[in-house]
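Structural features, examined
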Amino acid sequence: MKFLTQVSLLVTLGFTAITIATPVAYTPTKVKRDLNSIESVLTSIGNQVTTLDGYIKASPPNPTQIVNASTALISTIKSGVTTVQASANLSDTDALGLVSPVQTLANNVNTTITDLIGIKSTVDKLDYGCTTYKQLEDQLTAATSFSTALVSKVPAALQSIAQGLAKGITTAIQNGVTAYNGECSSTAADIE
């Protein structure tokens, strides 16, 4: 009888141990969330670039819409800098996952700036050359800050690649700054 009581007790304890939930240590993966937030920033900036390009391509281009879209783009980039700076450093895999979105953004920025340069004579006729030049300078400053913040989150071994990709964006904007350089020294008064 004593043996059966012991077996019964062991069986009961065994079932009880199985039915009690075993706590599992789970640590959220902050890097994945940070990767998503950085991808979201790239998407937001890309959407603003596309909106700006749409206004540039409108016929005839409306300078007020272009200026407003450019101002929104600058604001989005500045907000993106804050988001990226608050993010954790990325793993190699996550950093490599940003290659395609950054390349896409660089291509879209290049297209937009090329289109803006293409309507320079129209911009000049509308007396928006100086305003455009100043906005391009502000875009360049914001994009440079964004690139610096983004590269700082990439592992050291991949930073040169990240810098090269980000340079595509800043180089495109610099082309616009160069094309509109000297606009503010003319006698034409811009509407700001």
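Just so you know, these numbers come straight off a predicted model, no measurement behind them.

What counts as what
Residues numbered from 1 in each chain as written. Predicted model: local features only at pLDDT ≥ 70, side-chain atom pairs only at ≥ 80, totals over all residues. Heavy atoms only, no water. Helix = DSSP H or I, 4+ residues; strand = E, 2+ residues; numbered from the N terminus. Expected span 1.5 Å × (residues − 1). Buried < 20%, exposed > 50% of the residue type's maximum accessible area, 1.4 Å probe, protein only. Disulfide = S-S within 2.5 Å. Phe/Tyr/Trp six-rings, centres within 6.5 Å; stacked < 30°, edge-to-face > 60°. Lys NZ or Arg CZ within 6 Å of the ring centre and 35° of its normal. Core = buried A, V, L, I, M, F, W, Y, C linked by side-chain atoms within 4.5 Å. Contact = heavy atoms within 4.5 Å. Axes fitted to C-alpha atoms, helices over the stretch in contact; angles between N-to-C directions. Parallel < 35°, antiparallel > 145°, perpendicular 65-115°, else oblique. Left-handed = near helix turned anticlockwise from the far one by under 90°. Nonpolar A, V, L, I, M, F, W, Y, C, P; charged D, E, K, R; others polar.

A short note on helix α3 (residues 63–85)
- Between its first and last C-alpha, α3 extends 33 Å over 23 residues, near the 33 Å set by a 1.5 Å rise per residue.
- Among all positions in α3, only Pro 63, Ile 66, Ala 69, Ser 70, Leu 73, Ile 74, Thr 76, Ile 77, Gly 80, Val 81 and Val 84 are buried.

Quick word on the state of the cysteines
- A full pass over the atoms with the stated rule returns one disulfide.
- Sulfur-sulfur distance for the disulfide between Cys 130 and Cys 184 comes to 2.0 Å. Taking the torsion about the sulfur-sulfur bond, which here is approximately 100 degrees, the covalent link between Cys 130 and Cys 184 counts as right-handed. Taken together, the positions of Cys 130 in helix α7 (residues 129–152) and Cys 184 in the segment after α8 (159–180) put the pair 54 residues apart, joining distant regions of the chain.

Concerning the environment of Gly 118
- In this structure, Gly 118 sits in helix α5 (residues 99–118).
- With 61 residues separating them in the primary sequence, Gly 118 and Ala 179 have C-alpha atoms 9.8 Å apart.

Observations concerning unusual backbone geometry
- The amide bond that connects Ser 59 to the next residue, Pro 60, takes the cis arrangement and shows omega of -5 degrees.
- Relative to the helices and strands, Pro 60 resides in the loop between α2 (30–57) and α3.
- Notably, Asp 127 is not glycine yet its phi reads approximately 60 degrees, a positive angle.

Quick look at the packing of aromatic side chains
- Here the structure, examined in full by the defined rule, presents zero aromatic pairs.
- Lys 120 extends its terminal NZ or CZ atom over the ring of Tyr 180, reaching a point 5.5 Å from the ring centre.

Observations regarding the nonpolar core
- One finds Ile 45, Leu 98, Val 109, Phe 146 and Ile 169 to be the most contacted residues of the largest nonpolar core, which totals 44 residues.
- Looking at this core, the elements with two or more residues in it are α2, α3, α5, α7 and α8.

Remarks on the side chain of Thr 170
- Following the sequence through the fold, Thr 170 ends up in helix α8.
- When its relative accessible area of 17% is taken as the criterion, Thr 170 is described as buried.
- Not counting chain neighbours up to four residues away, the residues in contact with Thr 170 comprise Leu 140, Ala 143, Thr 144 and Ser 147.

Observations regarding the environment of Val 151
- Along the chain, the position of Val 151 falls in helix α7.
- In this structure, the C-alpha to C-alpha distance between Val 151 and Ala 95, residues 56 residues apart in sequence, is 9.4 Å.
- Residues contacting Val 151, with those up to four places away along its chain left out, are Gln 159, Ala 162 and Gln 163.

A look at the packing of α3 against α7
- Orientation of α3 relative to α7, taken along the N-to-C sense of each, is 15 degrees, at an axis distance of 9 Å. Considered as vectors, α3 and α7 are oriented roughly parallel to each other. Crossing of α3 over α7 shows left-handed handedness. On the side of α3, the interface is formed by Ile 66, Val 67, Ser 70, Thr 71, Leu 73, Ile 74, Ile 77, Lys 78, Gly 80, Val 81, Val 84 and Gln 85, while α7 contributes Thr 131, Gln 135, Asp 138, Gln 139, Ala 142, Ala 143, Ser 145, Phe 146, Ala 149 and Leu 150.
- Of the residues assigned to the contact of α3 with α7, the class counts are 12 nonpolar, eight polar and two charged.

All quantities given are derived from atomic positions and should not be read as evidence of function.
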